[in-house]
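Given next are the chains, with one letter for each unit.
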Amino acid sequence: MRAVQPIAISAAAIAAFLIATVPLRCAAAEASPDSQRRFDIAQTSMGVPDAAPVHPAPSLSTPSSPRLCNGQSVEQRILYEDNFTSSSGNWERADGVRIGDGRMDITLGTDSMVRTVLNRRRLAGPGGDFCVRFKLAEPDPDNGSSGSIVFWAQDEENGFTVDFWSNGALNFGRSTNGTWTELLAMDDSQSAWKGNDDVTELRVVAGNGLLKIWLNGALTKSTELASPQGNFRFGVYVEMDKEPAAPKHFQFTYFNVLEIYSSLGR
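Residues numbered from 1 in each chain as written. Predicted model: local features only at pLDDT ≥ 70, side-chain atom pairs only at ≥ 80, totals over all residues. Heavy atoms only, no water.

Things to note about the packing of aromatic side chains
We describe a pair of aromatic rings using the distance from one ring centre to the other and the angle between the two ring planes. Scanning the entire structure with this criterion turns up 13 aromatic pairs. Summarising the aromatic geometry, the rings of Trp91 and Phe255 are spaced 5.4 Å apart at their centres and angled 85 degrees between planes, so their arrangement reads as edge-to-face. Remark: Phe255 occurs in strand β15 (residues 248–258) and Trp91 occurs in the loop between β1 (78–82) and β2 (97–100); sequence separation between them is 164 residues. A residue is classified by how much of its surface remains accessible, and Phe255, at 0% relative accessible area, is buried. Residue placement shows Arg203 over the ring face of Trp214; its charged tip is 4.0 Å from the ring centre. (Phe/Tyr/Trp six-rings, centres within 6.5 Å; stacked < 30°, edge-to-face > 60°. Helix = DSSP H or I, 4+ residues; strand = E, 2+ residues; numbered from the N terminus. Buried < 20%, exposed > 50% of the residue type's maximum accessible area, 1.4 Å probe, protein only. Lys NZ or Arg CZ within 6 Å of the ring centre and 35° of its normal.)

Thoughts on the nonpolar core
Counting residues in each nonpolar core, the largest one holds 43 residues, and the members touching the most others are Met104, Phe151, Phe172 and Phe252. Here this core gets five residues from one element, more than from any other, and that element is strand β14 (residues 231–240). In contact with Phe172, other than residues within four places in its own chain, are Phe151, Phe160, Thr161, Val162, Trp180, Glu182, Leu183, Leu184, Leu211, Ile213 and Leu225. (Core = buried A, V, L, I, M, F, W, Y, C linked by side-chain atoms within 4.5 Å. Contact = heavy atoms within 4.5 Å.)

Some remarks on the environment of Gly89
Relative to the helices and strands, Gly89 is located in the loop between β1 and β2. Gly89 sits in the buried class, given a relative accessible area of 11%. When the C-alpha positions of Gly89 and Ile99 are compared, they lie 8.8 Å apart, and in sequence the two are 10 residues distant. Excluding anything up to four places from it in sequence, Gly89 contacts Tyr80, Asp82 and Asn119.

This is the structure in structure tokens:
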């Protein structure tokens, strides 16, 4: 379970926190797929000297608008898009992860609480317009479930996330080398999990000094956010409050990253 310590923090404090100049320590040990990832990145330059080469963004034609998330525009260039019809979307593979037939299925066994699945692609630039659609695992009365967008990630232990929980909570935070820092927390019980067919659409626009978060098409937060520099990865993350008594199944059906719209999202 993520050790969350909610804090009240102003937009100016967030910006100051994100531009701190503490050097990033690269974790030497490999993180297992089931290790509990926690993000706490304490500087603006997260580039790695020997990082994998940047894959140029494909020059794609106008996207199929029915797939786009609420508020996204066909005028935005697609940097990455996947509706999981095959396993060739460049995602890392891990135990409990299956991709194909229009979905990415992630299963947490009775011995695991979390799973991070990152894409191998790295994106350059100030940020992006990220969106994902998913179905949460059925929560238990004493064990909530969550699904997340991972962005500005260096690896499983270093990056930013926006998390949606089955009780309706939305959290934004980051970590370095497994140390979690929560920067924003929002609660809306009306958005809580409603059943196995309940599809959540989570959209995050991050870049050019701002962060915007949408849940199911509704803007829930807009705040100042200093953008780190470097070439970063993106992906998804799932979590239960504790190890489940029986396997829990999460299903992602769509993921995209678009160029930031000129108005930073509408």
